[in-house]
Amino acid sequence: MVEPVDRSSVAAQRLGAPESFGVSTLEPGLRPPTQPPGRQVAIRVQMLDDTQEVFQISQRSPGKVLFDLVCVHLNLTEGDYFGLEYQDQRKMTVWLDLLKPTLKQIRRPKNTILRFVVKFFPPDHTQLMEELTRYLFALQIKQDLACGRLICNDTSASLMVSHIIQSEIGDFDETQSWQHLLHNKYLPDQDAIRDKITDCHRKLVGQTPAESDYQLLEIARRLEMYGVRLHPAKDREGTKLSLAVAHTGVLVFQGYTKINAFNWSKIRKLSFKRKRFLIKLRADPTQNTHHDTLEFAMASRDCCKVFWKICVEYHAFFRLFEEPKPKPKAILFTRGSSFRFSGRTQKQIIDYVKDSELKKIPFERKHSKILSNSSMSPQSSSFRLNVPKESATSFPLADQPDSARLSLQAVNGTEELPAVVRPTNGFDGVSVAPSSEPTQSRQNHHSPGSALDQQLLNPGNPGSDDTPMGSPYMVVNGNGTVNDQDVRSTIILGAGPDGQQLSPLTSPLLTEAGYIRNDDEEEARRKKFPTDKAYFIAKELLTTERTYLSDLRVITESFQSAVGKDEAFPESVRNLISANYDPVYKFHQGFLKETEQRLAQWEGRSNAHIKGDYQRIGDVLLKNIQGLRQLTVHLQKHSECLVELERACRSNRKVETLCRDFEQQRVCYLLLNIFLLRPLHRLLHYKLILERLCKHYPPTHEDFRDCRAALADISEMVLQVQGTMMKMENFQKLLELKKDLTGIDELIIPGREFIRLGCLSKLSGKGLQQRMFFLFSDCLVYTSRGMTPLNQFKVHGQLPLYGMTIRESEEEWGVPHSFTLFEQRQSVVVAASCASEMERWVEDIRMAIDLAEQISSPNADLLATTLSENKLSEDLGAEQESEEELSSSRSSLERQGHRGNTTVHVCWHRNTSVSMVDFSIAVENQLSGNLLRKFKNSNGWQKLWVVFTNFSLFFYKSHQDDYPLASLPLLGYSVTVPSESENIHKDYVFKLHFKSHVYYFRSESEYTFERWMEVIRSATCSASRSLPTARKDLY
């Protein structure tokens, strides 16, 4: 770009530029570019600090001359990250072409203001070597926040604004900070979170402006919309989309949610023809498929060309070693565009700054009221060698095959780019984009009060390295999928931007400041990361505690907010729920905070791990379980809350409507009653985690005594609530089935217990017809799927178990896996889908008959409600919905609520069954954490926060999301390990398969892999389920 000069200069010399109060240099160090002769023209440029500068250029000067003048004016060494944009005569925002004459692009220079802005957003701000460059990037983030372009949640917005204010006015002062927020607009809806901003600012005492810039960029780079500039388009079906380009490739957005990403390594050619923008993908040799071409319609040919140009430049800047050479001029005629990238590539910039002995020049911060004009003293290049060069993203300079050549073609020709020489993310075949924040608008995202503490104490949230395999990068599609890579990062204890030692808790976002990583250091860092099984057990405690706290928040915040303003909801029930859930929620907020601190220390995010004092979790568990015992009185009241809420729904139709409407909200991803029982279920989880810890530790381990004491305490608590828990589980299941059934008067009667539900085929005059059977302790109910708005099941008949006999009848009727049920007035022939399914039904029915025989006489009231099958329509069994229909229903939870996604409906579609024993096992086998997911035909791994509960996987973008983006019911699926022929060359990968649906999931360690396999197998492998004679064996 421009070269530094060795001569000394007079301080504050401006190289002929007008006086400015904006970004200024006190000692210029760059030589102004030479200009061709000719008349001088004044061009106005608006800087990132909103000041305007006037530059004189020759009429015939190319755009590069003007751009270099701006960089010289700023003393900006890393200027290639930036560009000049303006509005042309078509009112389109375009970039100034550095190779073409400026005045041929800007028709009316007197009426045009160019804007100096960031053009290329690197995935990691530690690749920016100069403090001035980071400051300018911080100004760009400030602008994007103010105009609403950078979408994020309240917590991230508050953190970023607090760092901006810290940089501008310094340490927190109540009056000054409040007045500053009143007179400055940093966010479109700033007033709504003003208190949260001041709370964040209060915690930044002593942070210099340079540290504030560093922290701001650390947060911003993790957001999905970081550096994204949307270009409106439509797909072939006319769906409104947006295209964008990033360092990884071309991105596709629907609204503000990323739904697809095409990595540069997978793109063969980009071209446009008229209004159509074309992406040609490389053939996948493993799939034996042909080239695939994706087509998007844009508003005009000019829109296509503008986007195509920026794609060419992004590809060259991030993927090439050096600036591409110009194409030789054709002798007779030309074909195609002559456009090419002009300037240094990112690798050239990094190498130049690293190798040059550049003098550190102070600069002025326009908006900063702090006396020091630079928080980093001038240093030689020896300091730059200790500045973080690469953190989560590295540049292994491995040779790439010739197939990694990208051709970018315009309508009239082809722009061939050099072969891709280095994957920017350091991994082959992995799509990465700098984000992990939820993309829903902040107005719709309500983060908990402890979310700030979670981020400050655990910089891995959201989407960062809170796991050994966790990458701080991810992109999200409409299904809630998240593109990611297996990039490890950790805190390196060293100097921050100001050269001072980092504080482990006050500035934890400086996770990787201080070093350039080479291969040896990276390998050593991996070895230092905790690999002890106890660490991963403690990690499971942390991840499940986050999910548990989120579930509690559904009751304490979302539900109480939904019913609190309605007079129809009984005040007594509202007070009962509030009095017994709010203390539990408040207690677990502190429990989670302590757990996060301990895991951060265990992982080495502070100096404590050097002493080895914090590589344990038993003391934290013992302390909090002893505190939890003080809340036993509240836990024992939770069953009363469930009963009173149901009584209120029965007595008041408005209350029932309120609860039903709340269950249709996205935040209530399970039935409301399940959330009410979560605190009782959580006791079981603590018990199982402590059992695993005690089994892992030898008796001589320092953590063993605390774990054993905590296990004794929690076992006593479980014993106290065990009877209540079993009754409430049965009561909750009957309430759930009551919503799914129609045509039965009283489902919930004293003494009735649920045993099993599932699909069987009933033999009638019309042949075998699919029916849904429900087995209770006193009767067997069979139904068919109705056409009601809620897709309820219509009861066809009820068979009392008193006096019933059962006999296998496969030979008699010639129907595989069939058996006959004989009762006093009729017999029913049914068939199961397989031998194991028939065995489970026969065993459970016989057990239920034995229980019914203990009753002296049948229930007359029950028999009075028996319906005749002949009175009901039988034509509903012929039509069965496909797996695709079920997938469609579950992928839009907010549209259809949960009626098409309950266990009953899943069993209907998957032709399987579940028992109460299975439900009880599922209560124990709840798990959550980060997983990488890969579809059968997708290119890269995608990072998700995954919650397993209620026989389903629920997918989130991060653990801070209020509701899941999608779910996957697992009943009927099989879980295995991929075979060699599937070419999944990764460790800790398991495969989920049902018919043509295949998903691969990748975990972080052997322990987490085994845990996910264990809990998913409990929901998918019915044959492996044990059937204890008494349900108390489960506890």
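Check the entry above for the structure.
Now for a description of the structure that goes with this document.

1. Concerning the overall build of the protein chain
And step 1. Check the secondary structure of the protein chain and you find 29 helices and 34 strands.
And step 2. Sorting the 1035 residues of the protein chain into buried and exposed places 61% on the buried side.
And step 3. The long-range fraction of contacts in the protein chain, counting pairs at least 24 apart against all pairs at least 6 apart in sequence, stands at 68%.
And step 4. Carbon and sulfur atoms provide 49% of the accessible area of the protein chain, an area that totals close to 41,500 Å².

2. Points about the sheet that holds strand E33 (residues 989–994)
And step 1. Spatial ordering of the open sheet is given by E31-E30-E29-E28-E34-E33-E32, a layout of seven strands whose pairing is antiparallel. Of all strands in the sheet, those bounded by a partner on one side alone are strand E31 (966–969) and strand E32 (974–976). On average, each strand axis in the sheet is tilted by 35° relative to the strand beside it, whichever way the strands run.
And step 2. Sheet analysis places strand E28 (residues 927–935) next to strand E29 (residues 942–949), joined by seven bridges and oriented antiparallel. Following the sheet pairing, Ser928 is matched in E29 by Val947.

3. A closer look at the sheet that holds strand E5 (residues 93–95)
And step 1. Reading across from one edge, E3-E2-E6-E4-E5 is the order of the five strands in this open sheet, with mixed pairing throughout. In the strand order of this sheet, the two ends are held by strand E3 (52–58) and E5, each with one partner. Ignoring which end each strand starts from, the neighbouring axes of this sheet average 40° apart.
And step 2. Across four bridges, the pairing between strand E4 (residues 82–87) and strand E6 (residues 113–118) is antiparallel. Paired with Phe82 across the bridge in E6 is Val118.
And step 3. Lying over the sheet, helix H3 (residues 131–146) contacts E4 and E6, oriented at roughly 110° with respect to E6.

4. Observations regarding the pattern of salt bridges
And step 1. In the structure shown here, the tally under the stated rule is 46 salt bridges.
And step 2. Where Arg90 meets Asp88, a salt bridge forms, and the shortest distance between an N and an O atom there is 2.4 Å.
And step 3. Arg90 gets classed as partly exposed once you look at its relative accessible area, which sits at 39%.
And step 4. For Asp88, a relative accessible area of 8% gives the class buried.
And step 5. Each member of the salt-bridge network shares a partner with another, and the members are Asp124, Glu218, Arg221 and Arg222.

Analysis parameters
- Residues numbered from 1 in each chain as written.
- Predicted model: local features only at pLDDT ≥ 70, side-chain atom pairs only at ≥ 80, totals over all residues.
- Heavy atoms only, no water.
- Helix = DSSP H or I, 4+ residues; strand = E, 2+ residues; numbered from the N terminus.
- Buried < 20%, exposed > 50% of the residue type's maximum accessible area, 1.4 Å probe, protein only.
- Contact = heavy atoms within 4.5 Å.
- Areas by Shrake-Rupley, 256 points an atom, 1.4 Å probe, with all protein chains shown as cover.
- Pairing = 2+ DSSP bridges.
- Axes fitted to C-alpha atoms, helices over the stretch in contact; angles between N-to-C directions.
- Salt bridge = Lys/Arg side-chain N within 4 Å of Asp/Glu carboxyl O.

Such coordinate-based values are descriptive only and should not be taken to indicate function.
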